[in-house]
Amino acid sequence: MTAALEAHSLGKRYGNKWALADCSLSIPAGRVVGLVGPNGAGKSTLLQLAVGLLRPDVGSIALFGEQPGSSPEQLARVGFVGQDTPTYGGWSIRDHLWFGAQMNPGWDQVLAEGRIAELGLDPRQKARQLSGGQRAQLALTLAVAKRPELLLLDEPVAALDPLARREFLQGLMEVVADQRASVILSSHLVSDLERVCDYLVVLVDSRVRVAGEIDELVASHYRLSGPRRERGGLPGNVEVLDERHTDRQSTLVVRTDGQVLDPSWTVEQLGLEDLVLAYMTHAVGEDRRPRLEVRA
Amino acid sequence: MIRVAVRQFRTEAIVGVTLLVATAIVLVITGAHLHHVYDAFEHQCRAARDCANASNPVQNVDKSLQGVMPIVVLVTPALLGLFFGAPLIARELENGTYRLAWTQSITRKRWIAVKLGLVGLFSMAVAGLLTWMVDWWAHPLLAANGDRFGLALFGIQGVAPIGYAAFALALGVAAGVLLRHTVAAMVVTGVGFGAARLVVTYLVRPNLASPVRKLLPLSAGSGPSIGFTNAGGGNVIFGPPQVSVPNGWVYSTTLVDKAGHAPTAQYVAHACPVIGRAAHQLAASGGRPGAGPSGAQIQACIAKLSTSIHTLVTYQPASRFWPFQLAEMGIFIVAALALCGCSYWWLRRRYA
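First, a word on scope: everything that follows refers to the structure included in this document. (Residues numbered from 1 in each chain as written. Chains lettered and ligands numbered in written order. Predicted model: local features only at pLDDT ≥ 70, side-chain atom pairs only at ≥ 80, totals over all residues. Heavy atoms only, no water.)

1. Considerations on the nonpolar core
Now for step 1: Counting 92 residues, the largest nonpolar core has L5, L46, L152 and I184 of chain A together with W102 and W111 of chain B as its most contacted members.
Now for step 2: When residues no more than four places from it in sequence are discounted, the contact partners of L5 of chain A are L25, S26, I27, A50, I61, A62, L63 and I184 of chain A.
Now for step 3: Core analysis: the next-biggest nonpolar cluster, separate from the first, contains 39 residues, F168, L172, V196 and A278 of chain A among them. (Core = buried A, V, L, I, M, F, W, Y, C linked by side-chain atoms within 4.5 Å. Buried < 20%, exposed > 50% of the residue type's maximum accessible area, 1.4 Å probe, protein only. Contact = heavy atoms within 4.5 Å.)

Take a look at the structure:
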């Protein structure tokens with residue numbers, strides 16, 4: 001089966017600064033994929049490359065084996081909700097649905113109108129009068145009603161309050177259940193993704209730290225705590241992601257396909273959030289100091 | 001896609017058409033009067049066989065409109081570039097809506113082609129119609145003053161403004177794509193368009209075709225200016241005449257001797273000793289004007305000089321007006337197409 005998204009040594013540069021470098025990734029179809037990573041990790045760049053809004057400087061990226069933006073047919077297969085969910089401020093909701101119908105041969109007007117009605121939105125309302133949450137819902141409706149096989153969402157809930165966030169993600173789940181589209185959703189908050197995703201990709205400094213089914217990831221990561229000691233003595237199939245030592249105690253975050261049977265360790269399952277944090281911390285500690293970045 | 005492009009351009013189009021219609025109404029009402037005044041006078045002077053010397057009173061009708069209309073035609077292409085061209089793509093880039101527009105089932109190439117095609121053709125039509133209306137309105141005035149090929153009037157007639165509009169629009173789009181900021185793009189468009197017009201007017205247009213060089217008798221046109229001064233110990237002044245070529249574009253008028261050289265003051269003083277003497281007397285008397293040569297003496301002098309000296313007029317004849325118009329339009333349209341290509345290339349490079 002062709003991967004929904006496949007990237008090879010992908011890189012994108014702005015001036016001298018690489019926003020994404022040497023990114024290789026394969027995401028299977030039929031999943032709801034969470035793309036998580038700190039700000040500046042290249043999530044947005046990766047998604048814009050995937051949808052053809054950016055052109056790679058090096059490497060290649062393909063959706064279902066096709067180059068993004070290469071043909072109207074390819075574009076029709078992919079729905080996109082951009083960061084800050086752009087809409088035309090002076091246009092009403094109805095205008096936006098008309099726009100979608102004009103621009104997409106596979107447009108599903110019934111679905112679009114149904115969603116707007118369900119959300120309790122007045123089709124005559126102008127986009128600039130909508131709240132952030134409502135605008136995000138409108139953008140999602142536009143992306144969904146073209147009936148894409150793959151839906152890409154670039155931090156769609158970053159600017160929303162917790163309630164609107166929950167509503168948006170619920171809406172997304174309903175759509176996914178109805179349409180069986182593949183979804184790739186980026187966020188820097190694991191809690192957003194935990195609720196909706198079944199597959200996780202952790203991107204740090206434009207490199208894929210870990211990718212896989214969330215269930216499998218959770219099942220194979222543990223926190224070990226016990227009296228202070230060095231890491232030696234762990235079986236060979238245990239990979240240490242993070243270690244912290246105090247005078248008396250050692251805490252390790254490990255990945256293993258087997259089980260840790262040493263009774264001197266207290267073994268805990270690792271929550272998804274801690275798991276992701278372990279990968280991020282690990283990467284930062286190894287490569288460079290953390291980058292502080294403020295995004296508008 | 002075409003309907004979406006039309007919808008996005010609706011407000012601008014309505015404003016454009018409204019202004020055009022309003023202008024048309026003013027021109028039709030006042031133009032009828034202009035034509036009437038012109039025709040009545042032509043009829044009258046032809047009956048009196050005195051059209052050559054008479055000045056048609058149409059030039060004194062609607063003075064304020066006569067001042068305004070050329071400016072309207074002059075700036076319209078720039079305004080089209082500023083208000084239609086600069087925001088066309090820049091606004092989508094500025095507001096982030098390009099991420100919505102370019103992720104529909106329409107390729108980038110088609111999106112750009114439709115937008116540029118629609119707004120470009122609309123702008124060219126606006127400029128063309130406006131110029132055509134003003135040409136009709138101003139026909140009596142142009143006929144009366146006979147200077148339609150001149151630098152001031154050439155660019156506000158015929159088909160050249162269609163090329164200007166295409167160029168200004170493409171410049172606005174390109175600036176918008178490059179700067180991603182509507183207001184900055186508008187500034188660049190205004191300045192760039194003005195510069196391009198000046199460069200073409202003063203550096204390109206005069207070289208489009210070699211001018212006609214025609215030798216006329218010395219007495220042609222207003223006749224040479226001849227006089228004397230006490231400067232430099234008394235000198236003869238001998239200047240070229242004013243020669244008008246009806247509806248032609250005169251580059252220069254000079255005086256030449258048989259070898260093609262400009263006659264020197266010494267030569268004139270030698271040929272016309274009466275003037276040379278007058279100049280010396282003037283200098284000797286410390287600048288106090290004396291009797292000087294009589295009109296008859298000067299005429300005699302000119303008659304004597306005219307055997308060896310001619311007036312050389314260098315000009316583009318009226319018959320080249322339309323070839324020049326087409327060339328001017330072509331230059332700007334080619335430049336516009338090149339700019340459209342650049343815009344597309346920049347978009348593909350920065351985006352995808």
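Resuming the write-up.
2. Things to note about the environment of H96 of chain A
Now for step 1: Mapped onto the elements, H96 of chain A comes out in helix 3 (residues 93–103).
Now for step 2: Separated by 138 residues in sequence, H96 of chain A and L234 of chain A have C-alpha atoms that sit 59 Å apart.
Now for step 3: Beyond its immediate chain neighbours, meaning those up to four positions away, H96 of chain A contacts T87, Y88, W91, A127, L138 and L142 of chain A together with L100 of chain B.
Now for step 4: For H96 of chain A, the side chain forms a polar contact with the main-chain oxygen of S92 of chain A, separated by 2.9 Å. (Helix = DSSP H or I, 4+ residues; strand = E, 2+ residues; numbered from the N terminus. Polar contact = N/O pair within 3.5 Å; in protein donor to acceptor, adjacent residues only side chain to side chain.)

3. Let's talk about the sheet that holds strand 8 (residues 199–204) of chain A
Residues and elements named next belong to chain A.
Now for step 1: Taking strand neighbours across the sheet as the criterion, the six strands line up as 5-6-7-3-8-9 in an open arrangement whose pairing is mixed. What marks the edges here is a single partner per strand, and that holds for strand 5 (78–81) and strand 9 (207–213). On average, adjacent strands in this sheet sit at an angle of 15 degrees to one another, irrespective of strand direction.
Now for step 2: By the bridge criterion, four bridges tie strand 5 to strand 6 (residues 150–153) in an arrangement that is parallel. (Pairing = 2+ DSSP bridges. Axes fitted to C-alpha atoms, helices over the stretch in contact; angles between N-to-C directions.)

4. Here we look at a nonpolar patch on the surface
Now for step 1: On the surface, a cluster of nonpolar side chains totalling about 430 Å² of accessible area is made up of I71, L74, V75, L79 and F83 of chain B.
Now for step 2: Following the sequence through the fold, I71 of chain B ends up in helix 3 (residues 63–95). (Patch = residues over 30% accessible without salt bridge, like charges linked within 9 Å, V, L, I, M, F, W, Y side chains within 5 Å. Areas by Shrake-Rupley, 256 points an atom, 1.4 Å probe, with all protein chains shown as cover. Salt bridge = Lys/Arg side-chain N within 4 Å of Asp/Glu carboxyl O.)

5. Examining unusual backbone geometry
Trans peptide bonds make up most of the peptide bonds, and negative phi angles are found at most residues other than glycine.
Now for step 1: Here the phi dihedral of T85 of chain A falls at roughly 40 degrees; this positive angle occurs in a residue that is not glycine.
Now for step 2: The topology assignment puts T85 of chain A in the loop between strand 5 and helix 3.
Now for step 3: Given the relative accessible area of 4%, T85 of chain A is considered buried.
Now for step 4: Of note, D62 of chain B is a non-glycine position whose phi angle comes to about 50 degrees, a positive value.
Now for step 5: The residue D62 of chain B is located in the loop between helix 2 (10–47) and helix 3 in this model.

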